[in-house]
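Residue strings, one per chain:
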Amino acid sequence: MGAMDFKNSDSILRIVVNLYQEIWNDSAKWEENTIKMELLLNKLLTESPNDTRALTNLGATLCDNGKHEEALKVLLKAEKLNVKDANLYSNIAIAKMNIDSEKQCANEYFMMAKQLEKDELTIEAYFDPHGY
């Protein structure tokens, strides 16, 4: 990953978004890209632990890898920081949908997400509503 400026969160988040988009164009890159994304986001959060976009993206990545309880902890931290990003609330809902004790609260978060705009530097975890 070479010399990256982790003080410039936008540039790191842009790389993460691009890695995520690559996965949708070539699913063979899933494992490699999600590992890179997690490394980048964890490093960024080491520098800026309250970077809500990094928290949102890490939560989405964790959700996509089936780590829903861990994802929910990360995402709720971002929510406490007063974020108004549709992707954050969608990701919370997706994590909750996959945790039996939280399922009943998921729809409330999907509804909140519908009322907000998506931040271009955050990602939304994969969710198939027909799977539920």
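This is a predicted model, so every value here is computed, not measured.

1. Concerning the pattern of salt bridges
Okay, step 1: Across all of its chains, the model carries 9 salt bridges by this definition.
Okay, step 2: Notably, a salt bridge pairs glutamate 102 with lysine 96, separated by 2.5 Å at the nearest N-O pair.
Okay, step 3: On the accessibility criterion, lysine 96 (6% relative accessible area) is buried.
Okay, step 4: Across the pair lysine 103 and aspartate 100 runs a salt bridge whose closest N-O atoms are separated by 3.7 Å.
Okay, step 5: Relative accessible area serves as the criterion here: at 37%, lysine 103 is assigned to the partly exposed category.

2. Examining the side chain of lysine 96
Okay, step 1: Position of lysine 96 among the secondary structure elements: in helix H5 (residues 86–97).
Okay, step 2: Here lysine 96 is in contact with Leu72, Glu102, Lys103, Cys105, Ala106 and Tyr109, once residues within four sequence places are set aside.

3. What about the packing of aromatic side chains?
Okay, step 1: As enumerated under the stated definition, the model contains 3 aromatic pairs in all.
Okay, step 2: Pairing tryptophan 24 with tyrosine 126 gives two aromatic rings, centres 5.5 Å apart and planes at 40 degrees, and the pair type is tilted. Taken together, the positions of tryptophan 24 in helix H1 (residues 9–25) and tyrosine 126 in the segment after helix H6 (103–114) put the pair 102 residues apart, joining distant regions of the chain.
Okay, step 3: Considering the side-chain rings of tyrosine 89 and tyrosine 109, the 6.0 Å spacing of their centres and the 15 degrees angle between planes classify their relative orientation as stacked. Linking tyrosine 89 in helix H5 with tyrosine 109 in helix H6, this pair joins segments that are 20 residues apart in sequence. The exposure classification of tyrosine 89 matches that of tyrosine 109, with both residues buried.
Okay, step 4: Among the aromatic residues, ring-to-ring pairing joins Tyr20, Trp24 and Tyr126 into one connected group.
Okay, step 5: The ring of phenylalanine 6 carries lysine 43 above its face, with NZ or CZ at 5.4 Å from the centroid.

4. Section: the side chain of threonine 122
Okay, step 1: Turning to its location among the elements, threonine 122 is positioned in the segment after H6.
Okay, step 2: A distance of 3.0 Å separates a polar atom in the side chain of threonine 122 from the backbone oxygen of aspartate 119.
Okay, step 3: Those residues in contact with threonine 122 that lie beyond four places of it in its chain are Val17, Arg53, Thr56, Asn57, Asp85 and Asn87.

Cut-offs used in this document
- Residues numbered from 1 in each chain as written.
- Predicted model: local features only at pLDDT ≥ 70, side-chain atom pairs only at ≥ 80, totals over all residues.
- Heavy atoms only, no water.
- Salt bridge = Lys/Arg side-chain N within 4 Å of Asp/Glu carboxyl O.
- Buried < 20%, exposed > 50% of the residue type's maximum accessible area, 1.4 Å probe, protein only.
- Helix = DSSP H or I, 4+ residues; strand = E, 2+ residues; numbered from the N terminus.
- Contact = heavy atoms within 4.5 Å.
- Phe/Tyr/Trp six-rings, centres within 6.5 Å; stacked < 30°, edge-to-face > 60°.
- Lys NZ or Arg CZ within 6 Å of the ring centre and 35° of its normal.
- Polar contact = N/O pair within 3.5 Å; in protein donor to acceptor, adjacent residues only side chain to side chain.

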